[in-house]
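Listed below, chain by chain, are the residues.
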Amino acid sequence: QVQLVEAGGGLVQAGGSLRLSCAASGRTFSSYAMGWFRQAPGKEREFVASISWSGGSTYYADSVKGRFTISRDNAKNTVYLQMNSLKPEDTAVYYCAARFRAPPIATMSGYDYWGQGTQVTVSS
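Residues numbered from 1 in each chain as written. Predicted model: local features only at pLDDT ≥ 70, side-chain atom pairs only at ≥ 80, totals over all residues. Heavy atoms only, no water.

**A closer look at the pairing of strand β11 (residues 118–123)**
- Of the two faces of β11, the one holding Thr118, Val120 and Val122 is buried and the one holding Gln119, Thr121 and Ser123 is not buried anywhere.
- Sheet topology places strand β2 (residues 10–13) next to β11; four bridges connect them, and they run parallel. Among the inter-strand pairings, Gln13 is bridged to a residue of β11, identified as Ser123.
- For strand β9 (residues 92–100) and β11, the ladder comprises three bridges, and the chain directions are antiparallel. The partner of Val93 across the bridge, within β11, is Gln119. (Buried < 20%, exposed > 50% of the residue type's maximum accessible area, 1.4 Å probe, protein only. Helix = DSSP H or I, 4+ residues; strand = E, 2+ residues; numbered from the N terminus. Pairing = 2+ DSSP bridges.)

**Thoughts on the sheet that holds strand β1 (residues 4–7)**
- Taken in spatial order, the four strands of this open sheet run β1-β3-β8-β7, and their pairing is antiparallel. Each edge of the open sheet carries a strand with a single partner, namely β1 and β7 (68–73). Each strand axis lies, on average, 15 degrees off the axis of its neighbour in the sheet, ignoring direction.
- Pairing analysis gives six bridges linking strand β3 (residues 18–24) to strand β8 (residues 78–83), with the strands arranged antiparallel. Opposite Arg19, over in β8, you have Gln82 as the bridge partner. (Axes fitted to C-alpha atoms, helices over the stretch in contact; angles between N-to-C directions.)

**As for the packing of aromatic side chains**
- Applying the stated criterion across every chain, the model contains six aromatic pairs.
- Note on Tyr32 and Tyr113: the rings are 6.1 Å apart at their centroids and 65 degrees apart in plane angle, and the pair reads as edge-to-face. Here Tyr32, found in strand β4 (residues 32–39), pairs with Tyr113, found in strand β10 (residues 113–114); they are 81 residues apart in sequence, far enough to count as distant. You'll find Tyr32 and Tyr113 in the same group, each marked buried.
- With a centroid separation of 5.3 Å and an interplanar angle of 80 degrees, the aromatic rings of Phe37 and Tyr111 are classed as edge-to-face. Here Tyr111 lies in the loop between β9 and β10 and Phe37 lies in strand β4, a separation of 74 residues in the sequence. (Phe/Tyr/Trp six-rings, centres within 6.5 Å; stacked < 30°, edge-to-face > 60°.)

Following this line, the structure appears as structure tokens:
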């Protein structure tokens, strides 16, 4: 069982930056691939970024490529999402998710555990 707690959301102006973090409980964090997803009002949840258990492989949605960076610190049981050059269309609730001993895919159904989400609002 893994519990995930996101933090770092907030209100920021367009062009600004935020860093989200997701802290995981348990001693097997390094066995999990991690993903970030987001859900805007009235829209389906969508993939943002994912990272392998070692941090050696990362993947991004086209809409955030070049602006967002996913990273992890296995010693701290934490995964991060650095978001730069934010746009109003990035406004959403951001969720982190964990996938046990499997590749960091972009499909929601492949993830075993989810956090409660953190709100990111980008004003124009």
